[in-house]
Amino acid sequence: MRPYELTLAGAAAAIAAGELSPAELTDSVLRRADEVAGVLNPYVSLRHEEARRAAERAGRELAAGRGRGPLHGIPLALKDLVDVKGQPTSASSRVRDGHLAAEDSVVAARLAAAGAVLLGKAHTHEFAYGLTTPQTRNAWAADRVAGGSSGGSAVAVAAGAATFAIGTDTGGSIRVPAALNGVVGLKPSHGLVPTRGVTSLSWSLDHVGPLTRTVEDAALVLAALTGQEYAPLPDGDLAGLRVGVPVNHYFDHVTPEVETAVRDAVGRLRDLGAELVDVHIPMTRYVQAVQWGLMVPEASANHERTLRTTPELYGDDVRVLLEAGELFHAGDYLRAQRARTLMRREWVRLFEGVDVVVAPAVPTAAVRAGQESVSWPDGTVESVPDAYVRLSAPANITGLPALTVPVGRDGAGLPLGMQLIGGPGGERTALRAGRAYERTRPDAGSLAPEAGSPPAALAV
Amino acid sequence: MSSLEFGPRDAARWAARAGLPLPDERLDLVAATARHIHAVVATLRELDLTGVEPTPAGAEVRDAAV
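Residues numbered from 1 in each chain as written. Chains lettered and ligands numbered in written order. Predicted model: local features only at pLDDT ≥ 70, side-chain atom pairs only at ≥ 80, totals over all residues.

## Quick look at the UniProt feature "domain: Amidase" (unreviewed entry) in chain A
Here's step 1: As annotated by UniProt and renumbered to match this structure, "domain: Amidase" (unreviewed entry) occupies residues 24-430 of chain A.
Here's step 2: Helix makes up 37% of residues 24-430 of chain A and strand 16%, with an end-to-end C-alpha separation of 34 Å. (UniProt positions renumbered as here; feature names shortened; annotations may be inferred. Helix = DSSP H or I, 4+ residues; strand = E, 2+ residues; numbered from the N terminus.)

As structure tokens, this is what we get:
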């Protein structure tokens, strides 16, 4: 196995055993990143020399007995919304030309303190305001979307071009690209990971979290992001765990392949000892209204100055949303905030009866680049962004933690994902369930087979 | 405001009130987008929000610590 193929936990174990140096690992991942750059384009910028120097430094510290923990010497990509002192934060936008961050974000500082090695900045849909990340291609099929807005982060991890990555999630922007590229994504509870120094799309919906190859890796990164010491997830079965299975919303308007894969996963959770409980998802009629009612005016407020000074530098899709958001009525914003109170109250009540809710992460696998809408058998047509946000938004609105785990592939060989939504402060429960499920899959943690082409045997 | 009534002239007037310069050639597109957004968020008017306060950001973490 080449070093870039190692999971975070695998690489950390090899480094701890003295079988692999941070420099060897970083060099291998950088070479892989260079190999896939032309086809997949996950990075805004790679900083080869700085990364190699950081890896050498990490190796010297280890040799001197000054290990910093499991992330020490592990190479990562940061979504290019995350400030690193002295580096540009492009937000994948021309609006940010010439930008240099004055300070480290809290996230960047904590990862540096944990000894992680920054490879570079990964592409985002412009200012995180979109679900496709058009600059970047899906790691499994280059004619498909990467998903977004943390598309570069997901593709880098799926292709072995980063051992882990950091993304942000305002309406699914960690979980959607993670699911579409066959990797794990965790949106932690709102406020658990500090957003200071991370370019905001919508303050009350923004979250920062990891994209990784395995659930264990996500738990390792979460510990560093929260400044906690890593406590290993419990092994063993799921006896006593109450798993809520939605009877509405989450299995409506999903492809048959998504439903089959997620229901198979639900069956595996039951086989692991979990008790399945039917749950009714509250207030689903208002999910999109609350999401838009919060995000649209907050995003326009975030861009107030540059929308007036350099509007022509925004992409067309983002500019019109920001402009229309300037016309938003304050009464509608307040109504969305109050509706969120009701929705959160109902979701917390739901968690009195279950420990975790299991659901599809996305209603369909990655669509073709340029595809604008998704059609359902009952004649319903929705835009691609609306389709991808639909199943993610409840966890942004309520602030509840949500984990995405790969659950296999569709007939075209494209990855599918399930979501494990935890109750208030329920990261560890979601991670425990995801980890137990993951151990039932021989393909857990695997990379995309070859940059940009699905396995021929699975293509239809 | 009915979403059907919100046209380019309304967009121009509202943009001016917000202090946002909006060139004439953008008014149709922005008005159409604003109508669509309004149609989505207008469903919230169905809810009885009497006595309901906005949830402060970060409430989840505070709850979890209790």
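We are not done yet, so read on.
## A few points about the interface of chain B and chain A
Here's step 1: Each partner contributes to the interface: chain B provides 30 residues, whereas chain A provides 36 residues.
Here's step 2: A total of seven residues in the side of chain B that touches chain A trace back to one element, the largest contributor, which is helix 2 (residues 27-41) of chain B.
Here's step 3: Taken together, the residues of the side of chain B that touches chain A sort by class into 22 nonpolar, four polar and four charged. (Contact = placed C-beta atoms within 7 Å. Nonpolar A, V, L, I, M, F, W, Y, C, P; charged D, E, K, R; others polar.)

## Focus: helix 2 (residues 22-40) of chain A
Residues and elements named next belong to chain A.
Here's step 1: Counted at 1.5 Å a residue, the expected span for helix 2 with its 19 residues is 27 Å, and the 25 Å between its end C-alpha atoms agrees.
Here's step 2: At D34, helix 2 is bent by approximately 25 degrees, the largest bend along its length.
Here's step 3: Residues of helix 2 that are buried: P22, A23, L25, T26, S28, V29, L30, R32, A33, V36 and L40.
Here's step 4: Turning to helix 2, the residues buried within the fold contact helix 1 (8-16), strand 1 (43-46), helix 3 (48-63), strand 2 (75-79), strand 3 (117-122) and helix 5 (151-158).
Here's step 5: Immediately beyond the C-terminal end of helix 2, within one or two residues, lies N41, with a positive phi of roughly 50 degrees. (Expected span 1.5 Å × (residues − 1). Bend = angle between axes of the 7 residues up to and from the residue. Buried ≥ 20, exposed ≤ 12 C-beta atoms within 10 Å, placed from the backbone.)

## As for helix 8 (residues 256-271) of chain A
Residue and element names in this part refer to chain A.
Here's step 1: Its 16 residues place the ends of helix 8 22 Å apart at the C-alpha level, agreeing with the 22 Å of an ideal helix rising 1.5 Å per residue.
Here's step 2: Listed as buried for helix 8 are V258, A261, V262, A265 and L269. The arc that holds every buried residue of helix 8, seen down its axis, measures 90 degrees, which confines them to one face. Turned more than 90 degrees away from the buried face of helix 8 sit P256, G267 and D271, all of them exposed.
Here's step 3: Elements that come into contact with the buried residues of helix 8 comprise strand 7 (242-246), strand 9 (356-360), strand 12 (402-409), strand 13 (415-422) and helix 15 (427-438).
Here's step 4: Count one or two residues on from helix 8 and you reach G273, which has phi positive near 110 degrees. (Arc of directions from axis to C-beta.)

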